[in-house]
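Structural description and commentary
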Amino acid sequence: MSERHMKLGAFLMAGGHHIAAWRHPDAHAPAGSDIDHFIHLARVAERGKFDMIFIEDAAAIRERNPDLASQAARSTAFEPLSLLAAIAVNTSHVGLVATASTSYTEPYGLARSFAALDQLSGGRAGWNLVTSASELEAENFAASGLRPHSQRYERAEEFADAALALWDSVEEDAYFPDGGETFADRSKLHAVHRHGKHFSVDGILESQRSPQGRPIMVQAGASDVGKDLAARTANVVFAASQTKAEAQAYYADVKSRLGKYGRSHDDLKVMPGISPIVGATEEEAKAKYRALQELIPDAVGVALLASYLSIRDLSAYPLDGPLPDMPPTNLIQSRQQLIVDLGKREVLSIRELARHFAGARGHWQVAGTPAQIADAMEDRFLDGAADGFNVMAPLFPSGLEDFVTLVVPELQRRGLFREEYEGRTLRANLGVSPPAKS
Ligand SMILES: Cc1cc2nc3c(=O)[nH]c(=O)nc-3n(C[C@H](O)[C@H](O)[C@H](O)COP(=O)(O)O)c2cc1C
């Protein structure tokens, strides 16, 4: 029996992670704006004893060309913090991780919103810090367009430090220290004074100290600066890896950076994505996958592929030919490399790459029986490739329901996953230490 338990996240979306999920007969097309859809998914994840549910975000419509209703149909139509506040009062144990950008918000406002979610949920809030790599977002906020990758991270570093200091500006029992005689204990309030290149903060967070003290910090950086920021400030890092070797390399790389920040191996949980397709038999699982693949119009698959490459329009190249050479992208550098490597390694044409990629956008895809999926997860968990997984069901709700009903009991039977929640807060269930003072 393994002592170490996997950590599981449920990456929620509207129809599902498969690009054509919303066209599937089982999908509920307008799910993205249906709160009951998300409350149901959160309760399914909680029934499966998941550590967290995760809501991605970009502050922009997802497609320049809405006809290519691909990414748009997947995304939630709710701003994540508002959505998770509603889910907080409809659940009791599952962690609530919202994505928010350091490029288009300010530290004080965002620190306050996450402290509020942590209070509303009794200590289950998490922040997926992103620098926002999409040009469509930049057009909504900055006439000067998308900042260079390095500048986005310079701002993110300063932002994270200011937010951490603001959460620490209020100690426990700072207010009503003696049950109401006095309003505040000044010695437990510490004004922040930070004047950096991007932000100026002078003040105390207008909030009680939240149950976790600080929300859990999540990131998904894959570049050098991204991994360093995660190693310095994050409790959880999401990743996108195809092969076991890629996952092991990313795991070893991020963990090797912890020491220089005085952090230990278990302070940061590495959770790569997995897109599982569960069937009672392997053939049934493969048939489910084929059914989804058949729903992908070529143009949609190729457009999605192009959105991760530095080539605006791939349709100029023969679909059955290889990817052309291209300059590095200013968007998500790691995903571009992953696609180019995949195309070369498996000698895939643009059409084949588009179909392969459209299923899980470069994340690890596994189709099989509950035991086969548990085998694959156990192998990476026990062999230095993951501390847990971000489960990206290809189709909602059935894909997550199948995983919780069929795969979770298999992981529990093997002693790889919890039978009951360890604590009340996300921090306690993740097993990451309380925050040291900033
Ligand atoms: C599982 C996962 C979820 C992500 N979610 C978001 C998101 O919601 N919004 C966003 O702007 N970027 C998101 N990203 C992109 C990352 O934040 C990051 O930009 C990307 O991994 C590239 O790393 P880099 O920023 O270090 O170049 C996600 C990445 C991964 C792997």
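In this text the structure is predicted, and so the values were computed from the model without any measurement. (Residues numbered from 1 in each chain as written. Predicted model: local features only at pLDDT ≥ 70, side-chain atom pairs only at ≥ 80, totals over all residues. Heavy atoms only, no water.)

Of all ten residues making up helix H7 (residues 224-233), seven are buried, and the element is well covered by its neighbours. Every buried residue of H7 is listed here: Gly226, Lys227, Asp228, Leu229, Ala230, Ala231 and Thr233. In this fold, the buried residues of H7 make contact with strand E4 (125-130), helix H6 (149-167), strand E7 (216-219), strand E8 (236-239) and helix H8 (244-256). (Buried < 20%, exposed > 50% of the residue type's maximum accessible area, 1.4 Å probe, protein only. Helix = DSSP H or I, 4+ residues; strand = E, 2+ residues; numbered from the N terminus. Contact = heavy atoms within 4.5 Å.)

The interhelical angle for the contact between helix H1 (residues 35-47) and helix H3 (residues 80-88), taken along N-to-C directions, is 60 degrees, at an axis separation of 10 Å. By the angle between their axes, H1 is oblique relative to H3. Relative to H3, the crossing made by H1 is right-handed. Contact residues: H1 offers Ile35, Phe38, Ile39 and Ala42, while H3 offers Leu83, Ala86 and Ile87. For the contact of H1 with H3, the per-class residue count stands at seven nonpolar, no polar and no charged. (Axes fitted to C-alpha atoms, helices over the stretch in contact; angles between N-to-C directions. Parallel < 35°, antiparallel > 145°, perpendicular 65-115°, else oblique. Left-handed = near helix turned anticlockwise from the far one by under 90°. Nonpolar A, V, L, I, M, F, W, Y, C, P; charged D, E, K, R; others polar.)

Attention now goes to the site of the ligand. If you check the shell around the ligand, you find 22 residues, and the closest are Asp57, His149, Tyr153, Ala220 and Ser223. Ala222 is positioned with one of its backbone polar atoms (N or O) 2.9 Å from an oxygen atom of the ligand. Contact with the protein chains hides 92% of the accessible area of the ligand, taken as 610 Å² for the molecule alone. Where the shell around the ligand is concerned, the elements lending two or more residues are E4, H6, E8 and helix H11 (333-345). Here the shell around the ligand is composed, by residue class, of nine nonpolar, ten polar and three charged. (Near = heavy atom within 4 Å. Polar contact = N/O pair within 3.5 Å; in protein donor to acceptor, adjacent residues only side chain to side chain. Areas by Shrake-Rupley, 256 points an atom, 1.4 Å probe, with all protein chains shown as cover.)

On the UniProt side, "binding site: FMN" (unreviewed entry) is annotated at positions that read Asp57, Thr99, His149, Tyr153 and Ser223 here. Other than its neighbours up to four places away in sequence, Thr99 contacts Phe54, Ile55, Glu56, Asp57, Pro80, Asn128 and Val130. Along the polypeptide, His149 turns up in helix H6. (UniProt positions renumbered as here; feature names shortened; annotations may be inferred.)

We now examine empty space enclosed by the protein. Summed over the entire model, instances satisfying the criterion amount to one cavity of 30 Å³ or more. Size it by volume and the largest cavity reaches roughly 30 Å³. Every residue lining the largest cavity is listed: Ile296, Pro297, Asp298, Gly301, Val302, Arg351, Ala354 and Arg355. Here the residues of the lining of the largest cavity are counted per class, giving four nonpolar, one polar and three charged. (1 Å grid on protein atoms, 1.4 Å probe; cavity = no way out; pocket = protein on both sides within 12 Å on 5 of 7 lines; lining within 4 Å. Points joined across faces, edges and corners; volume = space filled by probe spheres on them.)

Here we come to the side chain of Lys255. Looking at the secondary structure, you find Lys255 in helix H8. Look past the residues within four positions of Lys255 in its chain and what remains in contact with it is His265, Leu268, Val270 and Asp387.

Each regular strand shows side chains that alternate between the opposite faces of the sheet. For strand E9 (residues 269-278), the buried fraction is high: ten of the ten residues fall into the buried class. Neither face of E9 is open: one carries Lys269, Met271, Gly273, Ser275 and Ile277, the other Val270, Pro272, Ile274, Pro276 and Val278, and all of them are buried. Here four bridges tie E8 to E9, and the two strands are oriented parallel to one another. By the bridge assignment, Val236 is partnered in E9 with Lys269. Tracing the backbone out of E8, into H8 and back to the parallel element E9 gives a crossover that is right-handed. Pairing analysis gives two bridges linking E9 to strand E11 (residues 388-391), with the strands arranged parallel. From the neighbouring strand, Gly273 faces E11, where its bridge partner is Asn390. As paired elements, E9 and strand E10 (residues 364-368) share five bridges and run parallel to each other. Bridge assignment links Pro276 to a residue of E10, and that residue is Val366. (Pairing = 2+ DSSP bridges. Right-handed = clockwise from strand over helix to strand, strands pointing away.)

A few words now on the packing of aromatic side chains. If you walk through the whole model with that rule in mind, you get twelve aromatic pairs. Ring centres of Trp364 and Phe389 lie 5.9 Å apart, and the angle between their planes is 45 degrees; this geometry places the pair in the tilted category. Taken as a pair, Trp364 in strand E10 and Phe389 in strand E11 lie far apart in primary sequence, 25 residues in all. For the residue pair Trp364 and Phe389, the accessibility class agrees, reading buried in each case. One aromatic cluster is present, built from ring pairs that chain together Phe114, Trp127, Phe159, Trp167 and Phe199. One residue, Arg4, lies across the ring of Phe381, its end atom 3.9 Å from the ring centre. (Phe/Tyr/Trp six-rings, centres within 6.5 Å; stacked < 30°, edge-to-face > 60°. Lys NZ or Arg CZ within 6 Å of the ring centre and 35° of its normal.)

As a further point, take the pattern of salt bridges. A full pass over the atoms with the stated rule returns 29 salt bridges. Residues Arg290 and Glu283 are paired through a salt bridge, measuring 2.7 Å at the closest nitrogen-oxygen approach. Relative accessible area serves as the criterion here: at 40%, Arg290 is assigned to the partly exposed category. Within this structure, Asp224, Lys227, Asp228, Asp253, Arg257 and Lys260 form a network of salt bridges that share partners. (Salt bridge = Lys/Arg side-chain N within 4 Å of Asp/Glu carboxyl O.)

Alternating positions in E7 separate into two faces, Ile216 and Val218 on one and Met217 and Gln219 on the other, with burial throughout. Note: E4 against E7, four bridges, orientation parallel. The residue bridging Asn128 from the neighbouring strand is Val218, located in E7. Note that E7 and E8 share two bridges and pair parallel. Paired with Gln219 across the two strands is Val237, which belongs to E8.

Glancing now at the packing of helix H13 (residues 370-382) against helix H14 (residues 398-413). Two elements in contact, H13 and H14, have axes whose closest approach is 9 Å; the angle formed by their N-to-C orientations is 55 degrees. Classified by the angle their axes make, H13 and H14 are oblique. Where H13 crosses over H14, the two elements pack in a sense that is right-handed. In this structure, H13 uses Pro370, Ala371, Ile373, Ala374 and Met377 to contact H14, whose residues at the interface are Phe403, Leu406, Val407, Glu410 and Leu411. For the contact of H13 with H14, the residue count by class is nine nonpolar, no polar and one charged.

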